[in-house]
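A look at the structure
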Amino acid sequence: APGIDLVRQYHAQCVCILPPSHALTELHNITAADLENQPFVALSQGTLTRLKVDAVLQTAAVTPNIKMETPLSLAAVNLVMEGMGISIIDPFTAIHHSRLGGAVRPFLPTVAFEYGVIFNDHAPASGLKQAFLQTFEALLKQYTEEHFCH
């Protein structure tokens, strides 16, 4: 878009979040087939993650039982913790779910979660942008190693 400079783009994999006592917590990975008829908290229609999850489920001919929709992964965490169902969300918000005592499992087939760093391309060039990127990437590496490299 005019005025926006996408400096870096990153990729991660969405995960399945479940209430702590859900039967599927016994599985190491949650597959699309495991979601058949399961009570499900979906991200809102039109969100990129929802479009990707829907495509995976359609390919697998799976129909979850959508109980609620929300535009926010954080709201999905709260709904899952209240027992409304399970959900597929980004891995970073899933860390919060885990800290609340919820279960997090890899989801297969993978659903990519993409995010990036953007700057105003009309802003004057400065070392601050580069310093921010270096700090962000160092913290991202540390965070990723702590939470996703077991």
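Look a little higher up for the structure.
Overview of the structure. Note that the structure is a prediction, hence the values are computed from the model and not measured.

Regarding the sheet that holds strand S3 (residues 30-31)
With respect to topology, four strands assemble into an open sheet ordered S3-S7-S2-S6, the strand pairing being mixed. What marks the edges here is a single partner per strand, and that holds for S3 and strand S6 (87-89). Of the strand pairs in this sheet, S3 and strand S7 (residues 103-108) are connected by two bridges, and their pairing is parallel. Note that in S7 the partner of isoleucine 30 across the bridge is phenylalanine 107. Sitting on the sheet, helix H3 (residues 91-99) touches strand S2 (15-18), S6 and S7, and the angle it makes with S2 is about 25 degrees.

Remarks on the side chain of glutamine 38
You can see glutamine 38 is positioned in the loop between S3 and strand S4 (39-43). The class of glutamine 38 is buried, set by a relative accessible area of 18%. Not counting residues up to four positions away in its chain, the partners in contact with glutamine 38 are His22, Leu24, Pro64, Asn65 and Ile86.

Describing the nonpolar core
Ranked by size, the top nonpolar core spans 19 residues in total, and within it Leu35, Ile88 and Phe107 carry the most contacts. Here this core gets three residues from one element, more than from any other, and that element is helix H1 (residues 48-59). Not counting residues up to four positions away in its chain, the partners in contact with phenylalanine 107 are Cys14, Val15, Cys16, Ile30, Thr31, Ala32, Leu35, Val56, Leu57 and Ile88. Among the nonpolar cores identified, the runner-up in size contains ten residues, and Val77, Leu79, Ile89 and Ala94 belong to it.

What counts, and at which threshold
Residues numbered from 1 in each chain as written. Predicted model: local features only at pLDDT ≥ 70, side-chain atom pairs only at ≥ 80, totals over all residues. Heavy atoms only, no water. Pairing = 2+ DSSP bridges. Helix = DSSP H or I, 4+ residues; strand = E, 2+ residues; numbered from the N terminus. Contact = heavy atoms within 4.5 Å. Axes fitted to C-alpha atoms, helices over the stretch in contact; angles between N-to-C directions. Buried < 20%, exposed > 50% of the residue type's maximum accessible area, 1.4 Å probe, protein only. Core = buried A, V, L, I, M, F, W, Y, C linked by side-chain atoms within 4.5 Å.

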